[in-house]
Amino acid sequence: MSETADQLLTTKDGKPLKAALAKALRRDKLRALALIAPLLIFVLLTFVAPIVDMLFRSVENDIVSETLPRTVIELQDWDAESGVVPGDATYNALHYDLMIAAEKKKHTQLGTRLNYEETGISSAFRKTGRRVDDFGEGYTDQFVALNEAWEAPATWVDLLASPDWVKSQATWAAGDQKATAEPSFVINDTARKALPQTSEIYGAFARTIQVEDQDSPTEEEPWNAVYSALYEDLTANPAAADAFSGANEALLSEAAAAVATFTPVDIKALFVKADKDWGEPSIWQTIKTFAPAYTSGYFLNSVDAQLTADGVQMKPEDERIYLFLFGRTLMLSMAITISCLLLGYPIAFLLAHLPLRTSNLLMILVLLPFWTSLLVRTSAWKVLLQQQGVINDFLVWIGVISDAGRLVMINNQTGTIIAMTHILLPFMILPLFSVMKTISPNYVRAAKSLGATNWTAFWRVYFPQSVPGIGAGAVLAFILSIGYYITPELVGGTSGIFISNRIAYHISSSLNWGLAAALGTMLLAAVMILFLVYDRIVGIDNVKLG
Amino acid sequence: MSIIIAFGKFGVSMADSLGAAVRYDGVQKSYDGETLVVKNLNLDIPPGEFLTMLGPSGSGKTTCLMMLAGFEPATHGEIYLNDRPINNVPPHKRGIGMVFQNYALFPHMTVAENLAFPLQVRKIGKSEQQEKVQRALEMVELGSFGNRRPAQLSGGQQQRVAVARALVFEPDLILMDEPLGALDKQLREQMQYEIKHIHENLGVTVVYVTHDQTEALTMSDRVAVFNDGVIQQLSTPDSLYEDPQNSFVAQFIGENNKLNGKVIDVSGSECLVELQDGTKLKADKVNVTNIGDQTTISLRPERVEFDPATDMDNLVKGKIEELIYLGDHIRVRMNVAGNDEFVVKVRNRGEKRSLKNGDIVPIGWARNDCKALDAVV
């Protein structure tokens, strides 16, 4: 007996029944998939992908490591807690990084980004960026004084360019120069090994002028930073010239012998001179803290915390704003949902119990707001609610309030609640109506015939059955209001704005997209959590939209 | 057996409660002010009676019930409950138990809570509530189902809960609005007997609305046949079938052969009718008065005999058009006097009968089996 129970059911030809069933249903599944495919692709491309990308920005932070790669590596060994600034090598690394970034004009972006974390960094980057190309000038002058050949672009090309590039560049130069761009500069292997820093900085120089300025390395004098790099290479490796041959070897030997006598340039002093913040450990701490490619900084910021060298800390009392705004958004949304329910329930009840013709007419009135521009409706509330507006005028006229005591009903929370309730009311009424429509009048009749008064029949029999509609309407109104933006913006003033207004501000004005994304993610998470809580308490199965 | 015992217990506690008397006095009802849905209804229901309002949809029977329950106001006239006018008494104060179409069990309450509801609103003590609920559940054989939700019960069980709920607060009048309409045939028949037995055991007055004539005939003490807002006939089930007062009742209750003709002679309680093809038939004079009146003769199919004795009141010939075998009887459709819808039911006694399509055979029936009623066009 037990054997047959455990036996796998099979079709007549011995295939497992489940597999056969799956095969039989596959066609239907594919058909269903094909039917939803256009919408699915559309939604994925235009909705899900941008949102995921946007949310990703809340943790993305590769701007520091991309703009200052050398500095970030140098800072790895620096103890942020030490209280002293990092060593000269770090300043040198920053010199090169900033030089390249300044030429590509990326240093201001980085400054803006780091300024979210510590005020003042933006100006340090901007000021330094203007002067950084002069930092290595001391070396340039000394090299040129040693041998004028160092001033000639050809010397550098001869020293550093790969023979292949020289050939193809010559071919290009002989032909129609406007037809194609100059071939990208390539360093030769000898130089890469013997003069690593020089090759790297020169390579960056060559690429930058080729791309940014459409100039040729054969015609441009290198940056001062290249001389600085050469000085360091030769100091570190005096025998570098041995790798080369001919004129280059002679030139380098001469330079290698001379560098020991050069007056070193104090790069650090130049940085501090450009902006005194560079002499403080805090700016370096900030750079080091935000060096990783991913950061929790935006999220911490969105809950009024910050990442410091001592770990996560709450911001000072007077700088906190987002938690308060989240709280206000939730409270106001709840108030709006409740007032929607209080106003909507009787209307839905009436609609559900009127004869069809009358209820259709009234339903059109309920839906009318849907067909009116949101902006028009909100502006209408401005006209009605303002202190010189229709309602105040009327109240003064009938003498309820004095002219001096006009009510403030707009540009505050009252305005937001009134206007939003009006806008979201249909979203409450429609689910309520559709649920009430399905409640047979026989239930109330039965309750009355069993001896219940009108109120008892309503409260104990009708109301519990309308709860799914209340649930659906409340969830709908609450979720819509929690993310609402335009109405609070227009009628909320400062005390009636929502978190979404702050998000919009960061998207369009402060351009701090990372923080905007973090706030958005927080909002999304809050809604999800509330949804789960709701599911626990009421049960999502109980939500009916019709 | 268990049913009877349970009834017994319930019955003891209700020994003092006799059914209520209901009286409709000249009641009229209109919804739109243009047409009358109920036209001048006068109806007396004595205590303890099982009265069924039977009729096609739109005949006004449900409206009459709703007026009695208090959900529809009467446009004119008065309804009395135990000689007390109740037009201005709201439904919850009438103390009438009601079983609804589709039961109207509260879906968000358990069975026990459903049953306790009428007791709660009457502010009856908790322990007494429990006791009564349990007794009512046992009466309908659902003693262990108290904690279930209505949706977890089968149709028949829901039906019983609905009946128990209407009875639990011991009303002396129960209204039932097509309560068995949603059940399948077998269950419906079983429930008919159960409701009938409950009625017999409790002695309450029951007003029952249905469009199913079998239900009406099975259960009722008296049946009021409604049509067009008027009671066409109010009588016991047997006389409704045997002695229909007009063509509507004859057609609505049971199967019926119609033969149209004209009265050519009247003597006492009988009359002679000439059919269109000249055939003359003797019939009971029910709904015709004068010679020359158009009339429709009503004749039950099972009263027609094949190969009749030569002294039968009515003897005609018919041509067999169709034979349908139905087990306990054979249905023979014939062409008689130009009417090819003439049906005869022949009891299946097991003997070989040599009926064939196309045969022309003699048939006959007694005078008092055919009634001369008002003419149907």
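Residues numbered from 1 in each chain as written. Chains lettered and ligands numbered in written order. Predicted model: local features only at pLDDT ≥ 70, side-chain atom pairs only at ≥ 80, totals over all residues.

K.L.:
What's the story with the overall build of chain A in this structure? I'm lost.
P.N.:
The secondary structure content of chain A amounts to 27 helices and two strands. Computed over its C-alpha atoms, the radius of gyration of chain A comes to 36 Å, more than 25% above the 24 Å expected for a compact globule of 546 residues. Across its three principal directions, the C-alpha atoms of chain A cover 115 × 90 × 55 Å. For chain A, long-range pairs separated by at least 24 residues make up 69% of all intrachain contacts whose partners lie at least 6 apart in sequence. (Helix = DSSP H or I, 4+ residues; strand = E, 2+ residues; numbered from the N terminus. Rg over C-alpha atoms; globule rule 2.2 N^0.38 Å. Contact = placed C-beta atoms within 7 Å.)

K.L.:
Before we go on, may I ask you to explain the UniProt feature "transmembrane region" (unreviewed entry) in chain A in this structure?
P.N.:
All names here are of chain A. Per the UniProt record, "transmembrane region" (unreviewed entry) is found at residues 32-52, 330-354, 360-378, 415-435, 467-486 and 513-534. The span residues 32-52 shows a helical share of 100% and a strand share of 0%, and its end C-alpha atoms are spaced 26 Å apart. Between the first and last C-alpha atoms of residues 415-435 the distance is 31 Å; the span itself is 100% helix and 0% strand. (UniProt positions renumbered as here; feature names shortened; annotations may be inferred.)

K.L.:
Honestly, the sheet that holds strand β8 (residues 205-210) of chain B in this entry has me stumped. Any pointers?
P.N.:
One key point about sheets: their strands pair by backbone hydrogen bonds, in either a parallel or an antiparallel sense. Residues and elements named next belong to chain B. The mixed open sheet is built from six strands, whose spatial order is β6-β7-β8-β3-β9-β10. Lying at the two open borders of the sheet, with one neighbouring strand each, are β6 (97-99) and β10 (230-235). Recorded for the sheet is a direction-independent mean angle of 15° between the axes of neighbouring strands. Along the sheet, helix α5 (residues 155-167) makes contact with β6 and β7 (173-177), crossing β6 at roughly 170°. (Pairing = 2+ DSSP bridges. Axes fitted to C-alpha atoms, helices over the stretch in contact; angles between N-to-C directions.)

K.L.:
Would you mind going over the domain arrangement of chain B with me for this structure?
P.N.:
How big an interface is tends to be reported as the loss of accessible area on association of its parts. One can read the domain layout of chain B as domain 1 (2-96 + 171-242) and domain 2 (257-374). Here the C-alpha centroids of domain 1 of chain B and domain 2 of chain B sit 36 Å apart. (Domains from an automatic or database assignment.)

K.L.:
Help me out: how do you make sense of the confidence of the model for chain A in this one?
P.N.:
As a note on interpretation, predicted positions should not be read in detail where pLDDT is low. Averaged over every residue, the pLDDT of chain A is 86; the share at 70 or more is 98%. Here helix α1 (residues 2-6) of chain A stands out as the least confident element of chain A, with mean pLDDT 49; helix α18 (residues 322-353) of chain A is the most confident, with 94. (pLDDT = per-residue confidence, 0-100.)

K.L.:
Can you walk me through helix α27 (residues 513-537) of chain A in this structure?
P.N.:
The periodicity of an α-helix, 3.6 residues per turn, causes residues three or four positions apart to be oriented the same way. Residues and elements named next belong to chain A. Along its 25 residues, α27 runs 36 Å from first to last C-alpha, staying within 8% of the 36 Å computed at 1.5 Å per residue. Among the residues making up α27, those that are buried are Gly514, Leu515, Ala516, Ala517, Ala518, Leu519, Gly520, Thr521 and Met522. Just downstream of α27, Gly539 is the residue with a positive phi angle, here 90°. (Expected span 1.5 Å × (residues − 1). Buried ≥ 20, exposed ≤ 12 C-beta atoms within 10 Å, placed from the backbone.)

K.L.:
Would you explain the UniProt feature "domain: ABC transmembrane type-1" (unreviewed entry) in chain A in this entry?
P.N.:
When the UniProt feature table is mapped onto this chain numbering, "domain: ABC transmembrane type-1" (unreviewed entry) sits at residues 326-534 of chain A. When the span residues 326-534 of chain A is considered, its composition is 78% helix and 0% strand, and the gap between its end C-alpha atoms is 19 Å.

K.L.:
Any chance you could explain the interface of chain B and chain A here in plain terms?
P.N.:
On the side of chain A, 15 residues touch chain B, which itself brings 19 residues to the contact. The set of elements that each furnish at least two residues to the side of chain B that touches chain A consists of β6 and α3 (111-121) of chain B. Grouping the constituent residues of the side of chain B that touches chain A by class yields 13 nonpolar, four polar and two charged. (Nonpolar A, V, L, I, M, F, W, Y, C, P; charged D, E, K, R; others polar.)

K.L.:
Explain the pairing of strand β14 (residues 294-299) of chain B here, please?
P.N.:
Put simply, side chains in a regular strand alternate between the two faces of the sheet. All names here are of chain B. Most of β14 sits out of view: five of its six residues are buried. The sheet contact formed by β14 and strand β20 (residues 370-374) spans five bridges and is antiparallel. Bridging from a neighbouring strand, Ile297 pairs with Ala372 of β20.

K.L.:
Any chance you could explain the pairing of strand β1 (residues 22-29) of chain B here in plain terms?
P.N.:
Residue and element names in this part refer to chain B. Examined bridge by bridge, β1 and strand β4 (residues 76-81) share five bridges and lie antiparallel to one another. Within the sheet, the bridge partner assigned to Arg23 lies in β4 and is Tyr80. Pairing of β1 with strand β2 (residues 38-45), which is carried by five bridges, proceeds in the antiparallel orientation. The residue of β2 that forms the bridge with Tyr24 is Leu43.

K.L.:
What is the right way to read the sheet that holds strand β19 (residues 360-365) of chain B from this model?
P.N.:
Residue and element names in this part refer to chain B. Taking strand neighbours across the sheet as the criterion, the five strands line up as β15-β19-β16-β17-β18 in an open arrangement whose pairing is antiparallel. Each edge of the sheet is formed by a strand with only one pairing partner; in this case those strands are β15 (305-306) and β18 (339-347). Taken together, the two bridges between β15 and β19 define a ladder with antiparallel strand orientation. Paired with Glu305 across the bridge in β19 is Gly364.

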